[in-house]
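Residue strings, one per chain:
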Amino acid sequence: MHYGVDWWVMTVIYWAAIPVGVFAFLHALKQRADAYPAAERMTKPAWLGITAGGTAGLVLFSPSSLGAMFWIAGLVAVLVYLVDVRPKLNEVQRGPKW
């Protein structure tokens, strides 16, 4: 059986997404609850639910299954946390960079 480049790329993305989701959840778990409102983001329980649900979607579904939209939604959820929420939390807790 011959696998194309697209299959290899999607396989790497699939397996890389799971640790990214776990990292996002653990990061959200370790942050102080008061930092979320200070960063003008949703509450800590909300982000814990979003990152946990996103990680569950990454684990339970694959991009090549019938549940691909749940996998994509999970990936988007954890990436939004990492790209938007995480930097704001770090800035609030450490102060702005000079």
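As a reminder, the structure under discussion sits directly above these lines.
Sequence order sets the numbering: in each chain, residues are counted from 1 along the sequence as written. Predicted model: local features are reported for residues with pLDDT of at least 70 only, side-chain atom pairs are reported and counted for 80 or more only, and whole-chain, interface and lining totals are derived from all residues. Neither water nor hydrogens contribute to the side-chain values; these are computed over all heavy atoms in the structure.

### Some thoughts on the packing of aromatic side chains
In step 1: Ring geometry is summarised as follows: Phe, Tyr and Trp rings, the Trp one being its six-membered ring, pair when their centres sit within 6.5 Å, and such pairs are stacked at plane angles under 30 degrees, edge-to-face over 60 and tilted between the two. In the structure shown here, the tally under the stated rule is six aromatic pairs.
In step 2: Geometrically, the ring pair formed by Tyr 3 and Trp 8 is edge-to-face, given 6.3 Å between the ring centres and 80° between the ring planes.
In step 3: Residue Tyr 3 is classed as partly exposed on the basis of its relative accessible area, which comes to 34%.
In step 4: Pairing Trp 47 with Tyr 81 gives two aromatic rings, centres 5.7 Å apart and planes at 55°, and the pair type is tilted. Taken together, the positions of Trp 47 in helix 3 (residues 44-60) and Tyr 81 in helix 4 (residues 68-94) put the pair 34 residues apart, joining distant regions of the chain.
In step 5: You can call Tyr 81 buried: its relative accessible area is 0%.
In step 6: Taken together, the aromatic side chains of Tyr 3, Trp 7 and Trp 8 make up a single cluster linked through ring pairs. Exposure is judged per residue with a 1.4 Å probe applied to protein chains only, and the accessible area is read against the type maximum: over 50% gives exposed, under 20% gives buried, and values in between give partly exposed. Under the DSSP-based scheme used, a helix requires at least four consecutive residues in state H or I and a strand at least two consecutive residues in state E, with every element numbered from the N terminus.

### Some points on the nonpolar core
If you look at soluble globular proteins, the nonpolar side chains tend to sit buried side by side.
In step 1: Take the buried residues of types Ala, Val, Leu, Ile, Met, Phe, Trp, Tyr and Cys, join any two whose side-chain atoms come within 4.5 Å, and each joined set is a nonpolar core. Counting residues in hydrophobic clusters, the biggest one holds 18 residues, and the most contacted among them are Tyr 36, Leu 58, Trp 71, Tyr 81, Val 85 and Leu 89.
In step 2: When residues of this core are assigned to their parent elements, the largest contribution, seven residues, is made by helix 4.
In step 3: When checking whether two residues touch, look at their non-hydrogen atoms; a contact exists if any pair is within 4.5 Å. Apart from the residues lying within four places of it in its own chain, the contact partners of Leu 89 are Gln 31, Ala 35, Tyr 36, Ala 39 and Tyr 81.

### Some words on the packing of helix 1 (residues 5-30) against helix 4
In step 1: The axes are straight lines fitted to the C-alpha atoms, using for helices just the contacting stretch, and the angles between their N-to-C directions are given from 0 to 180°. For the pair helix 1 and helix 4, interaxial distance at closest approach is 9 Å and the crossing angle is 45°. Looking at the two axes, helix 1 sits oblique to helix 4. Pair helix 1 / helix 4 crosses with left-handed handedness. Taken together, the residues of helix 4 that come into contact with helix 1 (itself represented by Ile 13, Tyr 14, Ala 17, Val 20, Gly 21, Phe 23, Ala 24, His 27 and Ala 28) are Trp 71, Leu 75, Val 78, Leu 79, Tyr 81, Leu 82, Arg 86 and Asn 90. Note on angle classes: values under 35 degrees are labelled roughly parallel, values over 145 roughly antiparallel, values of 65 to 115 roughly perpendicular, and the remainder oblique. Each crossing is labelled by how the near helix is turned from the far one, with a counterclockwise turn of less than a right angle marking it left-handed and a clockwise turn marking it right-handed.

### What about the side chain of Thr 51?
In step 1: By the secondary structure assignment, Thr 51 is in helix 3.
In step 2: Here the side chain of Thr 51 touches Trp 47 through a polar contact of 2.8 Å, landing on its backbone oxygen.
In step 3: Not counting residues within four places of it along the chain, the set of residues in contact with Thr 51 comprises Ala 24, Phe 25, Ala 28, Val 78 and Tyr 81. Throughout this description, a polar contact denotes any pair of N or O atoms lying within 3.5 Å of each other; where both atoms belong to protein, one of them has to be capable of donating a hydrogen while the other can accept it, and for residues adjacent in sequence the pair is counted only when both atoms sit in side chains.

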